[in-house]
Amino acid sequence: MSTDTVSYPHGTVLSPAGVPVTASASEPEYYGSETSFSGDWGLSGAGPNESGYSSLSVLRRRARALVRNAPNIRGGVTSWVANIVGTGLTPHWQLDNKDQREELQEAWEESASEMDHHETQSIYGVQAQLGEAEYVDGEGLAQFVDMRPGWVNPRTGLPLRVPLQVRVMEADHLDSGYNEVLPNGDPVRYGIQWDKRTKKRKGYWLTREHPGETLWSNSVADRYFVPVSNMAHVFYPGRLGQGRGMTALAAAITACREQELAIHYELVRRKSQSTLTGAIYQDSPAMPGHQLNVGGAKVGGGAPATASGQARVEISPGTFQRLGKDERITLFASADVGANYTDFIKFHDRRMAKSGRLTYEQLTGNLEGVNFSSIRFGLIEFRRSCDMWRQRTIVHQFCHPHAMRWLRAGILAGSFKTISAEDFLANPRSFFKIDWRAPAWESVNRLQDAMADLVVMRSGTNSRPEIAAKRSGRRYTEIDRENKEAVDNAAEQGLVYDSNPAQVDKSGGIQQIEGTALKAALEEN
């Protein structure tokens, strides 16, 4: 009996009897792994950064070209920014100290119009720019610039409320082609310096001028280093370990470009058809040097010709053309696109909308066939997606780091009366508890939503401050202050409104008002 052991190459599949199973007999667990269907498509093993290294610049430029030239894409970008940022993301500090909380809120609102380093818009406009840059370019850059205390804003003539500004830059300032190992051993990959031991970001190597600004004195070697603490890099890390952002239009660029060309060619076809283009045929060819008299124009021989050497006769609308002997006109006929053209365009618009984080209605503005239920469910899904993208990108990567840098700059400059350096150092984390709120979503059915809000507040499953922020995007303290001023003013004028439940019950009857200022005012009148 032989005791020899048979060895097989590594990875060989054996049957229960110990016989090698051939590849043809081994059925894949997932049909997507069967190469006979798709060949070598999608088999690249490139890492999260290597896969996009050679494509970042090209995709970014083509995405910008689509935004410039494709009406639907331009409208879709505007819709995305309006929903992700809107009129601005505002911070709401969760401090227990009321004086400190109110001073920070007031100081932020005063600083909002002074934070832009370019001085062209408020901080909320900067947020919108970064939101659009993340969508179109794949990433946006913001550098925190410490200003000299007492520096005067030239637009207002007043010192900055807090000496900190934000300089926003396009992703081109961060050269994806800059890769080397620094003398200290830290690698620079795609313009970002990484710690050689911890693999964390240390900072960014930025070009001083935009590489595409040819009017400025620019050199790609003229870079400067910005520590990670002074930078905000807004992008969506789609893959684990991804260091640079990819445009949201990446998957739709080719299809969108082809569709725009198809629409352009259809416009050209219709234009050509409307101008009645055709050819003039002559049964007896003209002799060399002979000229035909077509509608009073000399054609052939010495007649003016096009660049291709062919004579041209233009026929004005509403006129009859007189032809010569043995001549006839044949109009060019172009085939119509057919009844499926509209459905074909809609199909591709829906694919592009889904790829670009939007709904078809937002991309195209077309509400044809939409009913109340479908638009409501579509908005719920879209708004949930917006909340996710907002928190993962612009809030976490820009808004919160910016607020922390702004707070530190204000404390160091003595910009706050109720907050000293000792107060901050005693419990710094309490000052970083910030609730960022976006503008309130418009209610699709205001009455139903208002009744639902009343039920959840009465049941204790939600608070009035939360409902106020959700429906109005404002702090409940602001609403209470305005309500109090309105109630006091109404009492002074002897007025009663249904909007005040302290005065009027649900059915419109007068509430008991003994001992109130309203009673005294009514009795006086």
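The sections below set out a description of the structure shown in this document. It should be emphasised that the depicted structure is a prediction, and the values quoted were computed from it without experimental measurement. (Residues numbered from 1 in each chain as written. Predicted model: local features only at pLDDT ≥ 70, side-chain atom pairs only at ≥ 80, totals over all residues. Heavy atoms only, no water.)

Quick notes on the pairing of strand 7 (residues 201-207)
With five of seven residues buried, strand 7 lies mostly within the body of the structure. Two strands pair when backbone bridges link them, and strand 6 (residues 192-194) and strand 7 are joined in this way by three bridges, in the antiparallel orientation. The residue of strand 7 that forms the bridge with Trp194 is Arg201. Here strand 6 hands over to strand 7 after six residues, with Lys199 in that stretch at a positive phi of 65°. Looking at chain direction, strand 7 and strand 8 (residues 223-227) are connected through five bridges and run antiparallel. Within the sheet, the bridge partner assigned to Thr207 lies in strand 8 and is Arg223. (Buried < 20%, exposed > 50% of the residue type's maximum accessible area, 1.4 Å probe, protein only. Helix = DSSP H or I, 4+ residues; strand = E, 2+ residues; numbered from the N terminus. Pairing = 2+ DSSP bridges.)

Let's talk about the nonpolar core
Grouped together as the largest cluster of nonpolar side chains are 64 residues, with contacts concentrated most on Phe398 and Trp406. The biggest single contributor to this core is helix 10 (residues 372-412), with 13 residues. What Trp406 contacts, discounting residues up to four positions off in sequence, is Trp93, Leu104, Ala107, Trp108, Ser111, Met115, Val162, Leu164 and Phe416. Within the second largest apolar cluster, 10 residues are counted, among which are Met169, Ile192, Tyr204 and Val226. (Core = buried A, V, L, I, M, F, W, Y, C linked by side-chain atoms within 4.5 Å. Contact = heavy atoms within 4.5 Å.)

Side note on the packing of aromatic side chains
For the structure shown, the criterion picks out 14 aromatic pairs. Their ring planes at 75° and their centres at 5.9 Å tell us that Trp108 and Trp436 sit as a pair that is edge-to-face. Of the two residues, Trp108 sits in helix 5 (residues 98-111) while Trp436 sits in strand 14 (residues 434-437), which places them 328 residues apart along the sequence. Centre to centre, the rings of Phe424 and Phe431 are 5.7 Å apart; their planes meet at 50°, and the pair counts as tilted. Of the two residues, Phe424 and Phe431, neither departs from the other in class, the shared state being buried. Three or more aromatic residues joined by ring pairs make a cluster, and in this case those are Trp80, Tyr135, Tyr236, Phe382 and Trp389. If you follow Arg223 out to its NZ or CZ, it ends over the ring of Tyr178, 4.0 Å from the centre. A cation over an aromatic ring shows up here: Arg350 above the ring of Tyr360, its NZ or CZ 4.6 Å from the ring centre. (Phe/Tyr/Trp six-rings, centres within 6.5 Å; stacked < 30°, edge-to-face > 60°. Lys NZ or Arg CZ within 6 Å of the ring centre and 35° of its normal.)

A short note on unusual backbone geometry
Negative phi is the rule for most residues except glycine; trans is the rule for most peptide bonds. In this structure, Tyr190 is a non-glycine residue whose phi angle is positive, near 60°. Its place among the elements puts Tyr190 in the loop between strand 5 (187-189) and strand 6. Take Tyr190: its relative accessible area is 12%, and that puts it in the buried class. Residues other than glycine seldom take positive phi values, yet Lys199 does so here, at roughly 65°. By secondary structure assignment, the location of Lys199 is in the loop between strand 6 and strand 7.

Quick word on the sheet that holds strand 8
The five strands lie next to each other as 4-5-6-7-8, forming an open sheet whose pairing is antiparallel. Strand pairing shows two members of the sheet lacking a second neighbour, strand 4 (180-181) and strand 8, which therefore form its edges.

A closer look at empty space enclosed by the protein
Evaluation of the coordinates by the stated rule reveals three cavities of 30 Å³ or more. In this structure, the largest cavity spans a volume of roughly 60 Å³. Taken together, Trp80, Ile84, Val85, Leu130, Gly131, Glu134, Val234, Arg357, Trp389, Thr393 and Ile394 form the lining of the largest cavity. Class assignment of the residues belonging to the lining of the largest cavity gives a composition of seven nonpolar, two polar and two charged. A volume near 50 Å³ is recorded for the second largest cavity. Contributing to the lining of the second largest cavity are Ile73, Gly76, Val77, Tyr135, Leu249, Ala252, Met352, Gly356, Leu358 and Leu363. (1 Å grid on protein atoms, 1.4 Å probe; cavity = no way out; pocket = protein on both sides within 12 Å on 5 of 7 lines; lining within 4 Å. Points joined across faces, edges and corners; volume = space filled by probe spheres on them. Nonpolar A, V, L, I, M, F, W, Y, C, P; charged D, E, K, R; others polar.)

So, the side chain of Asp449
With respect to the helices and strands, the residue Asp449 is situated in helix 13 (residues 446-459). Looking at Asp449, the relative accessible area reads 13%, which means it is buried. Not counting chain neighbours up to four residues away, the residues in contact with Asp449 comprise Arg376, Ser443, Val444 and Arg471.

So, the packing of helix 6 (residues 123-136) against helix 10
The geometry of helix 6 relative to helix 10 is characterised by a closest axis approach of 11 Å and an angle of 135° between their N-to-C directions. In this view, helix 6 runs oblique relative to helix 10, as classed from their interaxial angle. Considering the relative orientation of helix 6 and helix 10, their crossing is right-handed. Within the contact between the two elements, helix 6 uses Ile123, Val126, Gln127, Leu130, Gly131 and Glu134 and helix 10 uses Trp389, Ile394, Phe398, Cys399 and His402. (Axes fitted to C-alpha atoms, helices over the stretch in contact; angles between N-to-C directions. Parallel < 35°, antiparallel > 145°, perpendicular 65-115°, else oblique. Left-handed = near helix turned anticlockwise from the far one by under 90°.)

Some points on the layout of surface pockets
A volume near 1,200 Å³ is recorded for the largest pocket. Lining the largest pocket are 33 residues; nearest its centre among them are Ala450, Met457, Asn483, Ser499 and Pro501.

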